[in-house]
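# Survey of secondary and tertiary structure
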Amino acid sequence: MSKCKVLFLGSRDLGYQTLKWLIEDNRFDVVGVCLYPKTGKRFWETDPRELSRQFAIPEKSVEDLEELEFDIGISVNYHKVIKESTLKLAHRGFWNIHHSYNLRLRGRNINTHAILRSSMDNIYYHGTTIHKMVAELDAGPIVASQAIPIYPTDTAYSLFLRLNELALSLFTEWIPRIAFEEVYPYAPPTKGVMMFKVSDLPPRELYPTLTNDEIYDKVRAFDFPDQEPAYFYKGDKKIELVIYKRDKYQKEITIANRKMYTA
């Protein structure tokens, strides 16, 4: 069996873990990578660029792939929308990991929206999906999707980390099938689907009109590294809040009858 030639597009810790798995699996040959900018802001500890340098994998621009021979494109936390003409270059298609069960929530900041919408939608679960990429964002046929509960103590970041573990498990199970076997993806549902842009995030300010539960949900939904937390003003002083303590300089504070910490 000949090796499957892979173009990898990605970033963050999950990108590192999945690229490492591909490199170590002798069924695959990673022939190129498209990566997050070197100078870009990052909160993650490991990055695929470390591996591409270690194993001398050529770094490519997603706008210039016509000369590269590859069988499949794999996107894991890639930051750009890929043009339809590029998606046609791989005969086994481009495949993406998106953190949402059955692609119900699409676009940006999905873990935050999953928490903020859980009570109004009566959906206390979230998930991750492997789907074939099409021109429309996060809308392609699904080959695998799995859900996990949104716990009352979850923040956007803790939910993100648990979903990364789930996604890695789905990845190692399904990418070999996609690469070497016949798979039969199903169309994502149309009912209840929501698309979010960056501008769709609600204000982070905690207004006095919010209920205790709404305050708590907003604080945990915006608790994510390198993102502005939820906040309120005490006089002229802006006080930012998170759920979990990160360092010794944070102060414990009780808001909405719940223990939190200044950011």
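Residues numbered from 1 in each chain as written. Predicted model: local features only at pLDDT ≥ 70, side-chain atom pairs only at ≥ 80, totals over all residues. Heavy atoms only, no water.

## Quick notes on the nonpolar core
If you look at the biggest cluster of nonpolar residues, it comprises 28 residues, and the most contacted ones within it are V6, F8, L22, V30, I74 and I178. At the level of elements, β1 (4–10), α1 (12–24), β2 (28–35), β3 (72–76), β4 (94–98), β7 (142–149) and α5 (156–180) are the ones that each hand at least two residues to this core. For this core, the element with the highest residue contribution is α5, accounting for six residues. With sequence-adjacent residues up to four places away left out, V6 is seen in contact with L22, F28, D29, V30, V31, G32, F70, I72 and I74. With 15 residues, the next largest nonpolar core counts I148, L159, F196 and F222 among its residues. (Core = buried A, V, L, I, M, F, W, Y, C linked by side-chain atoms within 4.5 Å. Buried < 20%, exposed > 50% of the residue type's maximum accessible area, 1.4 Å probe, protein only. Helix = DSSP H or I, 4+ residues; strand = E, 2+ residues; numbered from the N terminus. Contact = heavy atoms within 4.5 Å.)

## Details of a nonpolar patch on the surface
Together, V81, L137 and M195 give the surface a local cluster of nonpolar side chains, amounting to about 270 Å² of exposed area. By secondary structure assignment, the location of V81 is in the loop between β3 and α3 (84–87). (Patch = residues over 30% accessible without salt bridge, like charges linked within 9 Å, V, L, I, M, F, W, Y side chains within 5 Å. Areas by Shrake-Rupley, 256 points an atom, 1.4 Å probe, with all protein chains shown as cover. Salt bridge = Lys/Arg side-chain N within 4 Å of Asp/Glu carboxyl O.)

## Some points on the pattern of salt bridges
The tally for this structure, following the rule as stated, stands at 15 salt bridges. A salt bridge links R104 to D121; the nearest nitrogen and oxygen atoms lie 3.6 Å apart. Taken together, the residues R104 in the loop between β4 and β5 (105–107) and D121 in helix α4 (residues 110–121) connect sequence positions 17 residues apart. Overall, D121 belongs to the partly exposed group, its relative accessible area being 23%. Here the residues in one salt-bridge network are R104, R117 and D121, joined through shared partners.

## Examining the pairing of strand β10 (residues 237–242)
Residues in a regular strand point their side chains to alternate faces of the sheet. With five bridges connecting them, strand β9 (residues 230–234) and β10 associate as antiparallel partners. Residue pairing in the sheet places F232 in a bridge with I239 of β10. Here β9 folds back onto β10 in antiparallel fashion, the turn holding two residues, of which G235 has a positive phi close to 70 degrees. The pairing of β10 with strand β12 (residues 258–262) spans two bridges and is classified as antiparallel. By the bridge assignment, V242 is partnered in β12 with Y261. (Pairing = 2+ DSSP bridges.)

## Here we look at the sheet that holds strand β11 (residues 252–255)
Strand order in the open sheet formed by four strands is β9-β10-β12-β11, and the pairing between neighbours is antiparallel. In this open sheet, the two strands that pair with only one neighbour each are β9 and β11. This sheet shows a mean twist of 45 degrees between the axes of neighbouring strands, independent of strand direction. Bridge count between β11 and β12: four bridges; the pairing is antiparallel. Looking at β12, one finds that E252 is bridged to Y261. (Axes fitted to C-alpha atoms, helices over the stretch in contact; angles between N-to-C directions.)

## What to know about the environment of C4
In this fold, C4 is placed in strand β1. A residue is classified by how much of its surface remains accessible, and C4, at 2% relative accessible area, is buried. Sequence separation of C4 and R108 is 104 residues, and the distance between their C-alpha atoms is 31 Å. For C4, the contacting residues outside a window of four places in its chain are R27, F28, D29, D71, I72, A179 and F180.

## Section: unusual backbone geometry
Look at N77: it is not a glycine, yet its phi comes out positive at around 60 degrees. Mapped onto the elements, N77 comes out in the loop between β3 and α3. Backbone geometry at D138 places phi at a positive 55 degrees, although glycine is not the residue there. As for its placement among the helices and strands, D138 is situated in the loop between β6 (125–132) and β7. For D138, a relative accessible area of 8% gives the class buried.

## Let's talk about the side chain of S100
Tracing the backbone through its elements, the reader meets S100 in the loop between β4 and β5. Only 3.1 Å separates the side chain of S100 from the backbone nitrogen of R104, close enough to count as a polar contact. (Polar contact = N/O pair within 3.5 Å; in protein donor to acceptor, adjacent residues only side chain to side chain.)

## A word on α5
With 25 residues, α5 extends 35 Å from end C-alpha to end C-alpha; this agrees with the ideal 36 Å at 1.5 Å per step. The sharpest bend along α5 reaches about 30 degrees and sits at W174, with the proline P176 one to four residues further on. (Expected span 1.5 Å × (residues − 1). Bend = angle between axes of the 7 residues up to and from the residue.)

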